[in-house]
There are 2 protein chains.
Amino acid sequence: MSRIRDKKRTAILNAACEEFANHGFAGTKIVDIASKINLPKANIYYYFESKQVLYRHVLDSFIQPLLMATAPFDQYDHPAEALTDYIKLKIEISKNHPNASKVFANEILHGAPHLPADIIEKLTQQTSRASEKLQQWVDRGLMDDINPLHLLFSLWASTQTYADFNWQIKLHLKTDCISEQDYTDATETLIKVILKGCGVATQVAK
Amino acid sequence: MSRIRDKKRTAILNAACEEFANHGFAGTKIVDIASKINLPKANIYYYFESKQVLYRHVLDSFIQPLLMATAPFDQYDHPAEALTDYIKLKIEISKNHPNASKVFANEILHGAPHLPADIIEKLTQQTSRASEKLQQWVDRGLMDDINPLHLLFSLWASTQTYADFNWQIKLHLKTDCISEQDYTDATETLIKVILKGCGVATQVAK
DNA sequence: AAAAAACTTGACCCAAAAGTCAGGTTTTAG
DNA sequence: CTAAAACCTGACTTTTGGGTCAAGTTTTTT
């Protein structure tokens, strides 16, 4: 078993993720990925057959965390718990995978030209599930009459912004690096506004 | 006075805006901008000296609408009115300038490599102003104790998502084109959730 | 130890796309 | 009407960057 192969492949993928995040697919040069980890360009091509393939791997690596995030909607049967956990999870993802998130955001921004059809299918299904669950809660009077899809769009945008547009976040928070406290503030603010805004402010007694 | 010049320049800028929005700076080919409006590539270079310059013009064209959007924070002295108008305005911008918005989003996503320093300065000042105004309202008890910056981040993200990530919006709304009704629903949902979420739900009697 | 397998890389090739320009046509000013 | 100014573009040069490859070195296997 070749240990070198795995080590170098992940090193390359990490460097590629950062480059793709900062420059997009077309703007990224293989030679820059290589020099970021002190390798000659040809070495990259020994491990990955093309720029496309490398990009796809980076993109794929983000799909799993993304699909996992909707778990709270299946797990709980009350909007207060589900929404709270969902927001926490999504902010956590932004904190832990800022670069992969940017690559994904870039992909969506440009109309998802490299996103495989089966991934799109999975994402739409997840969204339908979450949306239906929210509608049920609305119908059962557990929350205000909020359009589920638009609520989801807002949640996605508000949480992913801490990864995708972190340049802007850092600018206005006047910091070089979004701190632990900032993420906590973001999570707290969002939970406070969304729960109250949906009419599920305080956790009802069970 | 050359009428041709102005007409063609704006035609080129419009085509360029769409191409840059869909493919990013590096992914856009001058020849594609040209053929989109049935011009030979060399003609583009007669009107704009370089791809960089063309891109800067597209980017600049979005700055004014963007800076205008904060007007409600100066105009009103109550969060209910200001937030309502701000959300309406921002959604309107997403509806009317989806391409320019995408170009701007792409710029921020990649760390604003082409954004002039004076624009950045203006944006930070606007944000400080809006943020201070929100804090005043919190202090005067006109709204709940919400972190102003994080609230702004959320508002930006939630409104811009209808332009920047419209591919995703269309996918989940199962439509080819976001309808007037969809924008109305988005605006309504956001206003409802944000106002109630901030504790300024119903407009208080003056 | 020696053969096989895995890894490395400088030098190269080539397609794509930015950018130029000379010599033309059209428009405008007087 | 004519001369200057503005406009147009096919054909060209230049640069960039993805991808290849042959000739190595290192590691693993037997």
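Just so it is clear, the structure is predicted and the values come from calculations on it, not from any experiment.

Caption draft 1: Inspection of the environment of B:K133 at higher detail. All names here are of chain B. The residue K133 is located in helix α8 (residues 117–139) in this model. Among all residues touching K133, those that are not within four sequence positions of it are F73, D74, Y76 and D77. Separated by 3.3 Å, the side chain of K133 and the backbone oxygen of Y76 make a polar contact.

Caption draft 2: Representation of the packing of helix α11 (residues 180–197) of chain A against helix α9 (residues 148–164) of chain B. Interhelical geometry of α11(A) versus α9(B) gives an angle of 70° and a closest axis separation of 9 Å. It follows that α11(A) is roughly perpendicular to α9(B) by the angle criterion. The handedness of the crossing between α11(A) and α9(B) is right-handed. Residue-level contacts link A:D182, A:D185, A:A186, A:T189 and A:L190 of α11(A) to B:H150, B:L151 and B:S154 of α9(B). For the contact of α11(A) with α9(B), the per-class residue count stands at three nonpolar, three polar and two charged.

Caption draft 3: Expanded view of the interface of chain B and chain A. Listed as interface residues are 54 residues of chain B and, on the opposing side, 54 residues of chain A. In total, chain B and chain A occlude about 4,600 Å² of area from one another, counting both sides; carbon and sulfur atoms represent 68% of this. One can count two salt bridges joining chain B with chain A. Among the salt bridges present, the one from A:D144 reaches B:K196, with a minimum N-O distance of 2.5 Å. Our enumeration of links across chain B and chain A arrives at eleven residue pairs in polar contact (both at pLDDT 80 or more). Among the secondary structure elements, those contributing two or more residues to the side of chain B that touches chain A are α1 (3–27), α7 (98–109), α8, α9, α10 (166–173) and α11 (180–197) of chain B. A per-element tally of the side of chain B that touches chain A places α9(B) first, with eleven residues. Of the residues assigned to the side of chain B that touches chain A, the class counts are 25 nonpolar, 20 polar and nine charged.

Caption draft 4: Focus on the protein's contact with DNA strand C. Close contacts around DNA strand C come from 17 residues, with A:A42, A:Y46, A:Y47, B:K29 and B:K41 the closest. One nitrogen or oxygen atom from the side chain of A:Y46 is found 3.1 Å from a phosphate oxygen belonging to DNA strand C. The dominant element in the surface near DNA strand C, judged by the number of residues it contributes, is helix α3 (residues 41–47) of chain A, at four residues.

Caption draft 5: Seen up close, the relation of the copies chain B and chain A. The transformation that overlays chain B on chain A combines an axial shift of 0.0 Å with a rotation of 180°, and the residual RMSD is 0.1 Å. Here the copies are linked by what is in effect a two-fold axis. Residue B:G197 of chain B places its C-alpha closer to the rotation axis than any other residue of that unit, at 1.8 Å. Mapped onto chain A, 100% of the interface residues of chain B again fall at the interface, so both copies present the same surface.

Caption draft 6: Spotlight on the protein's contact with DNA strand D. A:I30, A:K41, A:K51, B:A42 and B:Y47 are the nearest of the 16 residues found near DNA strand D. In the interface set of DNA strand D, defined as its atoms within 4 Å of the protein, sugar plus phosphate atoms amount to 62%. One nitrogen or oxygen atom from the side chain of A:Y45 is found 3.2 Å from a phosphate oxygen belonging to DNA strand D. Within the contact set of DNA strand D, a phosphate oxygen lies 2.6 Å away from a side-chain nitrogen or oxygen of B:Y47. Elements supplying a minimum of two residues to the surface near DNA strand D: α3 of chain A together with α1 and α3 (41–47) of chain B. Among the elements that make up the surface near DNA strand D, the one with the highest residue count is α3(B) (four residues). Considered class by class, the residues forming the surface near DNA strand D number seven nonpolar, four polar and five charged.

Caption draft 7: Here's a closer look at the domain arrangement of chain A. All names here are of chain A. Assigned domains of chain A: these are domain 1 (1–48) and domain 2 (60–197). With seven residues of domain 1 at the contact, the number on the domain 2 side is six residues. Approximately 470 Å² of surface area, both sides summed, lies buried where domain 1 meets domain 2, with 68% of it carried by carbon and sulfur atoms. For the domain 1 face of the interface with domain 2, the top three residues by lost area are C17, A21 and F25, together amounting to 64%. Summed over the shared surface of domain 1 and domain 2, the result is zero salt bridges.

Criteria and cut-off values
- Residues numbered from 1 in each chain as written.
- Chains lettered and ligands numbered in written order.
- Predicted model: local features only at pLDDT ≥ 70, side-chain atom pairs only at ≥ 80, totals over all residues.
- Heavy atoms only, no water.
- Helix = DSSP H or I, 4+ residues; strand = E, 2+ residues; numbered from the N terminus.
- Contact = heavy atoms within 4.5 Å.
- Polar contact = N/O pair within 3.5 Å; in protein donor to acceptor, adjacent residues only side chain to side chain.
- Axes fitted to C-alpha atoms, helices over the stretch in contact; angles between N-to-C directions.
- Parallel < 35°, antiparallel > 145°, perpendicular 65-115°, else oblique.
- Left-handed = near helix turned anticlockwise from the far one by under 90°.
- Nonpolar A, V, L, I, M, F, W, Y, C, P; charged D, E, K, R; others polar.
- Buried area = accessible area lost by both parts, 1.4 Å probe.
- Salt bridge = Lys/Arg side-chain N within 4 Å of Asp/Glu carboxyl O.
- Near = heavy atom within 4 Å.
- Least-squares fit on C-alpha atoms with pLDDT ≥ 70 in both.
- Domains from an automatic or database assignment.

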